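Examination of the molecular architecture
Chain by chain, the residues:
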Amino acid sequence: MKNIVILISGGGSNMLAIVKASKRENWAANYQAQVAAVISNKTNAKGLALAAQQGIATASLDHKAFASREAFDTALAQRIDSYATPGQPQLVLLAGFMRILTPGFVNHYAGRLVNIHPSLLPAFPGLHTHQRAIDAGCKLAGATVHLVTPELDHGPILAQAVVPILPNDSAETLAARVLSQEHLIYPQAVASLLQVQ
Ligand code: GAR
């Protein structure tokens, strides 16, 4: 079985969309894959309860308890790898995981580490993507699923979704429109990846 580990920091709606798709589309039978665990760097992340309700193992690892970014990433990788099945590729999905990862961590999971970012990359890497897109006068916004490389919000693009920016949009209304598309493209991109793994 290919074990998938999802990393979150907050609401976990993308995580939930992936878990639900994995059940609905029977990833266990079709791709020999399952969501094995959800790990958060925030102990009170709402998504942890949602994952538990779905019968998924959960763990939290508070980054503030570690002396350095490297120490946190080392402990995080150990925890992720504790869910690995020997000999099977393991997929690690960042779903609203709001931590910059060290090159050591990223290289350890090269080709197996995926992120979703709420903009049409390469436009607007980083934070506050929706407000920046509105301020720039863009007519379109969207989300990008990509493989993670050491440079923040770069890496080969697996999927994108495009939505309009409407005249009266706030960052919040635009974020909601984009998020509903994220819930479609992230599970699809993961399923595509599992087919070729
Ligand atoms: C999503 O919009 C995701 O694209 C974004 O955080 C939100 C998490 O929502 N990720 C980033 O900004 C990463 N830099 P969720 O917790 O409900 O899935």
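Quick notes on the rules
Residues numbered from 1 in each chain as written. Predicted model: local features only at pLDDT ≥ 70, side-chain atom pairs only at ≥ 80, totals over all residues. Heavy atoms only, no water. Phe/Tyr/Trp six-rings, centres within 6.5 Å; stacked < 30°, edge-to-face > 60°. Buried < 20%, exposed > 50% of the residue type's maximum accessible area, 1.4 Å probe, protein only. Lys NZ or Arg CZ within 6 Å of the ring centre and 35° of its normal. Pairing = 2+ DSSP bridges. Helix = DSSP H or I, 4+ residues; strand = E, 2+ residues; numbered from the N terminus. Axes fitted to C-alpha atoms, helices over the stretch in contact; angles between N-to-C directions. Contact = heavy atoms within 4.5 Å.

On to the packing of aromatic side chains. Aromatic ring pairs are described here by two measures, namely the spacing of the ring centres and the angle between the planes. In the structure shown here, the tally under the stated rule is three aromatic pairs. When the ring of Phe66 is compared with that of Phe72, the centres are 5.6 Å apart and the planes differ by 70°; the resulting orientation is edge-to-face. Under the relative-accessibility criterion, Phe66 is labelled partly exposed at 27%. Phe72 gets classed as buried once you look at its relative accessible area, which sits at 0%. Considering the side-chain rings of Phe105 and Tyr109, the 5.0 Å spacing of their centres and the 55° angle between planes classify their relative orientation as tilted. Under the relative-accessibility criterion, Phe105 is labelled buried at 3%. Exposure remark for Tyr109: the relative accessible area of 0% places this residue in the buried category. Lying across the ring of Phe72, Arg99 places its NZ or CZ 5.3 Å from the centre.

Our next topic: the sheet that holds strand E3 (residues 57–60). Hydrogen bonds between backbone groups are what pair the strands of a sheet, and the pairing can be parallel or antiparallel. Taken in spatial order, the seven strands of this open sheet run E3-E2-E1-E4-E5-E6-E7, and their pairing is mixed. Two strands bound the open sheet, and with one partner strand each, they are E3 and strand E7 (157–164). In this sheet, adjacent strand axes meet at a mean angle of 20° when their direction is disregarded. Looking at chain direction, strand E5 (residues 113–117) and strand E6 (residues 140–147) are connected through four bridges and run antiparallel. In the strand pairing of E6, Ile116 is matched with Val145. The sheet contacts of helix H3 (residues 46–53) involve strand E1 (2–8), strand E2 (33–40) and E3, and relative to E3 the element is tilted by about 160°. The strands touched by helix H7 (residues 171–196) are E1, E2, strand E4 (91–94), E5, E6 and E7; relative to E7, the strand with the most contacts, the crossing angle is about 155°.

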